[in-house]
Amino acid sequence: MQDQIFIRNLECFANHGVFQEEQVLGQKFLVSAVLYTDTSTAGKTDELSLSINYATVCEAIQRFMKEHTFRLIEAVAEQLAQSLLLEFPLIHRIKLEIKKPWAPVCMSLDTVGVSIERGWHTVYLGLGSNLGDKEANMQKAIAMFSEHPLCKECNCSSLYQTKPYGVKEQDNFLNAAMSMKTLLSPREILAFIGQVEQELNRVREMHWGPRTIDVDILFYDALCMYEKDLIIPHIEVAKRDFVLAPLTELNPYLEHPVLHKSIVELYENLQKQEGYEKNII
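Residues numbered from 1 in each chain as written. Predicted model: local features only at pLDDT ≥ 70, side-chain atom pairs only at ≥ 80, totals over all residues. Heavy atoms only, no water.

Visitor: Please explain the overall build of the protein as it appears in this structure.
Guide: Helices and strands together make up the secondary structure of the protein, namely 8 helices and 11 strands. Taken along the three principal axes of its C-alpha coordinates, the protein extends 70 × 45 × 30 Å. The proportion of buried residues among the 281 residues of the protein is 45%. In the protein, the share of contacts with a sequence separation of at least 24, taken over all contacts with a separation of at least 6, comes to 66%. (Helix = DSSP H or I, 4+ residues; strand = E, 2+ residues; numbered from the N terminus. Buried < 20%, exposed > 50% of the residue type's maximum accessible area, 1.4 Å probe, protein only. Contact = heavy atoms within 4.5 Å.)

Visitor: Honestly, the side chain of threonine 212 in this entry has me stumped. Any pointers?
Guide: Looking at the secondary structure, you find threonine 212 in the loop between α6 (186-199) and β9 (214-220). By relative accessible area, threonine 212 is classed as buried at 15%. Within polar-contact distance, the side chain of threonine 212 engages the backbone oxygen of leucine 200 at 2.7 Å. (Polar contact = N/O pair within 3.5 Å; in protein donor to acceptor, adjacent residues only side chain to side chain.)

Visitor: Looking at this model, I keep getting lost on the sheet that holds strand β1 (residues 3-14). Mind explaining?
Guide: Two orientations exist for strands paired in a sheet by backbone hydrogen bonds: parallel and antiparallel. Strand order in the open sheet made by the 4 strands is β1-β2-β3-β4, with antiparallel pairing throughout. Lying at the two open borders of the sheet, with one neighbouring strand each, are β1 and β4 (112-119). Each strand axis lies, on average, 15 degrees off the axis of its neighbour in the sheet, ignoring direction. Pairing analysis gives 8 bridges linking strand β3 (residues 93-100) to β4, with the strands arranged antiparallel. Residue pairing for β4: lysine 95 is matched across the bridge by glutamate 117. (Pairing = 2+ DSSP bridges. Axes fitted to C-alpha atoms, helices over the stretch in contact; angles between N-to-C directions.)

Visitor: Is there a simple way to explain the environment of alanine 245 in this structure?
Guide: Mapped onto the fold, alanine 245 is located in helix α7 (residues 241-250). Separated by 90 residues in sequence, alanine 245 and asparagine 155 have C-alpha atoms that sit 15 Å apart. Aside from chain neighbours lying at most four places away, what touches alanine 245 is Tyr160, Tyr267 and Ile280.

Remember that the coordinates give geometry; whether it matters functionally is a separate question.
Have a look at this one:
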């Protein structure tokens, strides 16, 4: 459980709402925020620069509420949460509550509002290429994630030359893994992977066939999801040395949320299996 800094019922006058009168005349909003962070260093040193200045956060909230206009209070909350997470690096996660005490519902009530919780997620990706300039393809894909406005702290493993997996009659691959912090959801990452593959002219003609770039979501926090077109953790992680070796570089003690073993344990177990065929050259 992380430490919390909280702001309760900050009054903001802004122009959000479905009705034209709300957007023109404006109304009062009450914004509450719980900022999840680590206060231990600031607490031990008594240094403001090592903590989140809640006065500055309040100013940022006021500024955002006044400078933007949204029809839906849900959009206000979503965009404000993202703005604060990007502006204040020490906020790991945020819970926002935005209330409209003057909501135009023609009934007696105290307030209506919305509450959301958003934060940075730790994601691990697997990358591979065996067509064209393989290294350039890999570096371009890595750069596209690194430059995404909702991604940060992108780290990449070494590049591994590997034998093809599945369909053997094709050129060798370059493989790598990368980790990052992101505000993107799994579906949003999947959509961005599609953009990366389109940018690098990937053509899907054969399962496990040759490709300019291949990007897979390996882990997303400790999330477990199983849907038709998206399985997290990636179902093949524990079977692929060209995935486990680069992951071991990035975080050997990362725990697989289904198998409950660390990456280094999975890699060691794979190499001990009868019939194990090494793919890394």
